[in-house]
Amino acid sequence: MNVVTTFKEKRREKQQKYERKMLREISVELLRNKVREFFGPQLKMNGRPVEAVEEGCLDVAIEAYLLGASYGKFGYQGESEEKVRTRCYREEKYLIDTLYDYFLYWGVFCENDMECESLYYKCESFIVYWWKDGFEKSIKRYRMKLH
């Protein structure tokens, strides 16, 4: 007797295998350093547990990295980075909003609109940085036939 599997299950298994391969390319220490680089002042305000806020940022960074990596095949096939980023606009916007809301949840209060906007742009640049990193490393893996 053979086990019957569906295409969805096979696709999900293949995706998980690829994501595990891509996650070997980055280290937790690199992630932590980038979180501190982008959000240093926001992590140290109001006596919040820095580790808890940092962990949330790490989760979102990994998601952005994997999102960029999943779209790397289009870059390998010759599409420009800007064109590929328009394909995943909704997912990228969701990650930016999630990170921004996460900071607001942990008590980063904006005293004026300019501070709120500045925090939002920091979140956006953080997500874009990790998306590009995943995208570029994915293209490199495709070129080296490691996918």
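The paragraphs below set out a description of the structure included in this document.

Calculation notes
Residues numbered from 1 in each chain as written. Predicted model: local features only at pLDDT ≥ 70, side-chain atom pairs only at ≥ 80, totals over all residues. Heavy atoms only, no water. Helix = DSSP H or I, 4+ residues; strand = E, 2+ residues; numbered from the N terminus. Buried < 20%, exposed > 50% of the residue type's maximum accessible area, 1.4 Å probe, protein only. Contact = heavy atoms within 4.5 Å. Areas by Shrake-Rupley, 256 points an atom, 1.4 Å probe, with all protein chains shown as cover. Lys, Arg positive; Asp, Glu negative; His and termini not counted. Charge placed at Lys NZ, Arg CZ, Asp CG, Glu CD. Axes fitted to C-alpha atoms, helices over the stretch in contact; angles between N-to-C directions. Parallel < 35°, antiparallel > 145°, perpendicular 65-115°, else oblique. Left-handed = near helix turned anticlockwise from the far one by under 90°. Nonpolar A, V, L, I, M, F, W, Y, C, P; charged D, E, K, R; others polar. Core = buried A, V, L, I, M, F, W, Y, C linked by side-chain atoms within 4.5 Å. Phe/Tyr/Trp six-rings, centres within 6.5 Å; stacked < 30°, edge-to-face > 60°. Lys NZ or Arg CZ within 6 Å of the ring centre and 35° of its normal.

### As for the overall build of the protein chain
And step 1. Of the regular secondary structure elements, the protein chain holds seven helices and zero strands.
And step 2. Counting from the amino terminus, the protein chain carries its helices and strands in the arrangement α-α-α-α-α-α-α.
And step 3. With respect to the three principal axes, the spread of C-alpha positions in the protein chain is 60 × 40 × 25 Å.
And step 4. Every one of the 147 residues in the protein chain was classed for burial, and the buried ones make up 38%.
And step 5. Here the contacts in the protein chain between residues at least 6 apart in sequence split such that 77% fall between residues at least 24 apart.
And step 6. Looking at the protein chain as shown, the accessible area adds up to about 9,700 Å², and 53% of this sits on carbon and sulfur atoms.
And step 7. Computed over 27 positive and 25 negative side-chain charges, the inter-centroid distance for the protein chain is 10 Å.

### With respect to the packing of helix 2 (residues 28–43) against helix 7 (residues 113–143)
A packed helix pair is summarised by two numbers, namely the angle formed by the two axes and the spacing between the axes.
And step 1. Axis separation between helix 2 and helix 7 bottoms out at 10 Å; the angle between their running directions is 165°. Compared by their axis directions, helix 2 and helix 7 come out roughly antiparallel. Remark: the crossing between helix 2 and helix 7 carries right-handed chirality. Counted together, Leu-30, Leu-31, Lys-34, Val-35, Phe-38, Phe-39 and Gln-42 of helix 2 and Leu-119, Lys-122, Cys-123, Ser-125, Phe-126, Tyr-129 and Trp-130 of helix 7 form the full contact between these two elements.
And step 2. Tallied by class, the residues present in the contact of helix 2 with helix 7 amount to ten nonpolar, two polar and two charged.

### A look at the nonpolar core
And step 1. In this structure, Phe-39, Leu-99, Phe-103, Cys-123, Phe-126, Ile-127 and Trp-130 are the most contacted members of the largest nonpolar core, which totals 37 residues.
And step 2. Elements that contribute at least two residues to this core include exactly helix 1 (7–23), helix 2, helix 3 (50–70), helix 6 (89–105) and helix 7.
And step 3. Setting aside its immediate chain neighbours within four residues, Ile-127 contacts Val-60, Ala-64, Glu-92, Leu-95, Ile-96 and Leu-99.

### Quick look at the environment of Ile-26
And step 1. Secondary-structure assignment places Ile-26 in the loop between helix 1 and helix 2.
And step 2. The class of Ile-26 is buried, set by a relative accessible area of 13%.
And step 3. Excluding its chain neighbours within four sequence positions, the residues that come into contact with Ile-26 are Leu-31, Tyr-65, Trp-130, Asp-133 and Lys-137.

### Focus: the packing of aromatic side chains
And step 1. For the structure on display, the rule yields 15 aromatic pairs.
And step 2. Consider the rings of Phe-38 and Tyr-129, whose centres lie 5.9 Å apart with planes at 50°: the pair is tilted. A residue pair is termed long-range when its members are at least 10 positions apart, and Phe-38 in helix 2 and Tyr-129 in helix 7 qualify at 91 residues.
And step 3. Taken together, a centroid distance of 6.3 Å and an interplanar angle of 75° make the contact between Tyr-65 and Trp-130 edge-to-face. On the criterion of sequence distance, the pair formed by Tyr-65 in helix 3 and Trp-130 in helix 7 is long-range, its members being 65 residues apart. Accessibility classification places Tyr-65 together with Trp-130 in one group, the buried group.
And step 4. Three or more aromatic residues joined by ring pairs form one cluster here, namely Phe-38, Phe-39, Tyr-65, Phe-103, Phe-126, Tyr-129 and Trp-130.
And step 5. Its end group placed over the ring of Trp-131, Arg-85 keeps NZ or CZ at 5.9 Å from the ring centre.

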